[in-house]
Amino acid sequence: MPEKLNLETLLVSGISPEVHSEPVVSPIILSTTFERGSDGNFVPGGDIYSRSSNPNRRQLEKKLALLENGLKALAFSSGQAATYAVFQALPAGSHVIIPDDIYYGTRSALKLLGNNTGITLSEINMADIEEVDSSILPETRLIWVETPSNPKLKITDIDAILKLSKKHKNILVACDNTWATPYFSKPLDLGCDLVMHSTTKYFGGHSDVVGGALMWKEEKDETFFAKIKEYQITGGAVPSPFDCWLLNRSLATFHLRMPRHAENAMGLAGYLESHPKILQVFYPGLKSNEGHKIAQKQMVNGFGGMLSVLIEGDEENCKAVAARLKVFKNATSLGGVESLVDHRRTYEGKDSTLPANLLRVSVGIENLQDLIADFKQALG
Ligand SMILES: *Cc1c(COP(=O)(O)O)cnc(C)c1O
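Residues numbered from 1 in each chain as written. Predicted model: local features only at pLDDT ≥ 70, side-chain atom pairs only at ≥ 80, totals over all residues. Heavy atoms only, no water.

**A word on the overall build of the protein chain**
For step 1, the next point in the chain: Summing up its helical and strand segments, the protein chain has 15 helices and 12 strands in all.
For step 2, the next point in the chain: A compact globule built from 380 residues would reach a C-alpha radius of gyration of about 21 Å, and the protein chain, at 23 Å, matches this within 12%.
For step 3, the next point in the chain: Seen through its principal axes, the protein chain has C-alpha atoms that stretch 80 × 50 × 35 Å.
For step 4, the next point in the chain: Summarising the internal contacts of the protein chain: among those between residues at least 6 apart in sequence, 70% fall at separations of at least 24.
For step 5, the next point in the chain: For the protein chain, the computed accessible surface area is about 18,000 Å², with 54% contributed by carbon and sulfur atoms.
For step 6, the next point in the chain: Between the centroid of the 39 positive side chains of the protein chain and the centroid of its 44 negative side chains there is a distance of 1 Å. (Helix = DSSP H or I, 4+ residues; strand = E, 2+ residues; numbered from the N terminus. Rg over C-alpha atoms; globule rule 2.2 N^0.38 Å. Contact = heavy atoms within 4.5 Å. Areas by Shrake-Rupley, 256 points an atom, 1.4 Å probe, with all protein chains shown as cover. Lys, Arg positive; Asp, Glu negative; His and termini not counted. Charge placed at Lys NZ, Arg CZ, Asp CG, Glu CD.)

Take a look at the structure:
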């Protein structure tokens, strides 16, 4: 800096923050642009522009890769943005196989994209491996697994899907691991090519940040993964430094929150299963659940914090139960420390094929007895 600067110039750029001691908590680096080196060239390994890279995002992506035992992770501005990057990287005219019970937005994304790219999809019951086998076409490029699925918590046998995919040359297997989280299941370790997350859910854990992520291990198809990264950067669906900072902070308590979610979900599922007004409980931790054996085989540490129930009576009654709950908030989304219920059929709208008496439950980390008592009074 030259010696004699005027006030306006000093206020804009003449005073540096002078960080002399290392802060214990990472700073949020909001700067969208970064200086070149003293030789006028880009600093090797340095940042240039925040859409391409940012220190807070780099820190987050490192943690995300570690969580899934991945080589690489990319952070996105939402789970949907991560999903889109995968589908956009597929060759035009690809065929994709998805489970019939799947996060509503993933199916919508594929349908929307299919209109322009000729991507076709088959929605099938992935609990039935023969059905998966018979739906594979010469142009099938991707099998998209979601286990447990949303909202019926159907379990897909990942190992069986991988064996099937290996009989063909060009089929990648991706897993939406948002519900299981790496605390309960690590799809990359099982052999999947790609893992997707809505970090809005358990990674964020506090219902205050929207984000997404992709992780992978081996670059089975390098051009495919390079293309995904290109969509992340060129498409610009990246999280803000503050969003990355929030996620970085939330991940510090991930391993403390998850066992409590699962413990509470197991306890509540057991209570609801014995309640006369509950017709069915969908929770893979229950022995009565049709996916229990496979869940036991491929999940560790428990069965997650999500469950769904069918309540005796019609849609109106189901919504009335949701409205009577006091500890559980009646709102969509999941994975936060607070318990939520969601009537998915009304969320999904007129195309929904879900039962009218299905209520989805995101079990939080409150006291289990309070959660049980709340359902007891609401069911009446
Ligand atoms: C929420 C969710 C998504 C979408 O993520 P957003 O962050 O809302 O874009 C995808 N898959 C599953 C299983 C989800 O629960």
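Having seen the structure, we can now continue with the description.
**Considerations on unusual backbone geometry**
For step 1, the next point in the chain: Residue Pro-148 is reached from Thr-147 by a cis peptide bond, and omega for that bond is -10°.
For step 2, the next point in the chain: Its location among the elements puts Pro-148 in the loop between β4 (140–146) and α6 (158–166).
For step 3, the next point in the chain: One non-glycine residue with positive phi stands out, namely Asn-69, at about 55°.
For step 4, the next point in the chain: Within the element layout of this structure, Asn-69 appears in the loop between α2 (55–67) and β1 (72–76).

**Here's the deal with the packing of helix α3 (residues 79–89) against helix α4 (residues 104–117)**
For step 1, the next point in the chain: Packing of α3 against α4 brings their axes to within 10 Å, and their N-to-C directions diverge by 40°. Viewed along their axes, α3 and α4 adopt a mutual orientation that is oblique. In the crossing of α3 with α4, the sense of the turn from one axis to the other is right-handed. Facing Gln-80, Thr-83, Tyr-84, Phe-87 and Gln-88 of α3, the residues of α4 in contact are Gly-105, Thr-106, Ala-109, Leu-110, Leu-112 and Leu-113. (Axes fitted to C-alpha atoms, helices over the stretch in contact; angles between N-to-C directions. Parallel < 35°, antiparallel > 145°, perpendicular 65-115°, else oblique. Left-handed = near helix turned anticlockwise from the far one by under 90°.)

**Considerations on the domain arrangement of the protein chain**
Many descriptions give the size of an interface as the accessible area lost when the pieces come together.
For step 1, the next point in the chain: Domain annotation for the protein chain reports domain 1 (55–251) and domain 2 (254–379).
For step 2, the next point in the chain: A separation of 24 Å is found between the C-alpha centroids of domain 1 and domain 2.
For step 3, the next point in the chain: The interface of domain 1 with domain 2 comprises 33 residues on the first partner and 36 residues on the second.
For step 4, the next point in the chain: Buried surface at the junction of domain 1 and domain 2, summed over both partners, amounts to about 3,100 Å²; 63% is from carbon and sulfur atoms. (Domains from an automatic or database assignment. Buried area = accessible area lost by both parts, 1.4 Å probe.)

**A word on the site of the ligand**
For step 1, the next point in the chain: In the vicinity of the ligand there are 13 residues, among which Gln-80, Asp-176, Ser-198, Thr-200 and Lys-201 approach most closely.
For step 2, the next point in the chain: Within the side chain of Trp-179, an N or O atom sits 3.2 Å from an oxygen atom of the ligand.
For step 3, the next point in the chain: In the environment of the ligand, an oxygen atom lies 2.8 Å from a nitrogen or oxygen atom belonging to the side chain of Lys-201.
For step 4, the next point in the chain: Listing elements by their share of the shell around the ligand, those giving two or more residues are α3 and β6 (194–198). (Near = heavy atom within 4 Å. Polar contact = N/O pair within 3.5 Å; in protein donor to acceptor, adjacent residues only side chain to side chain.)

**What about the side chain of Asp-193?**
For step 1, the next point in the chain: Along the polypeptide, Asp-193 turns up in the loop between α8 (187–190) and β6.
For step 2, the next point in the chain: Only 2.8 Å separates the side chain of Asp-193 from the backbone nitrogen of Val-173, close enough to count as a polar contact.
For step 3, the next point in the chain: Those residues in contact with Asp-193 that lie beyond four places of it in its chain are Ile-171, Leu-172, Val-173, Leu-188, Met-215, Trp-216, Lys-217, Lys-220 and Phe-225.

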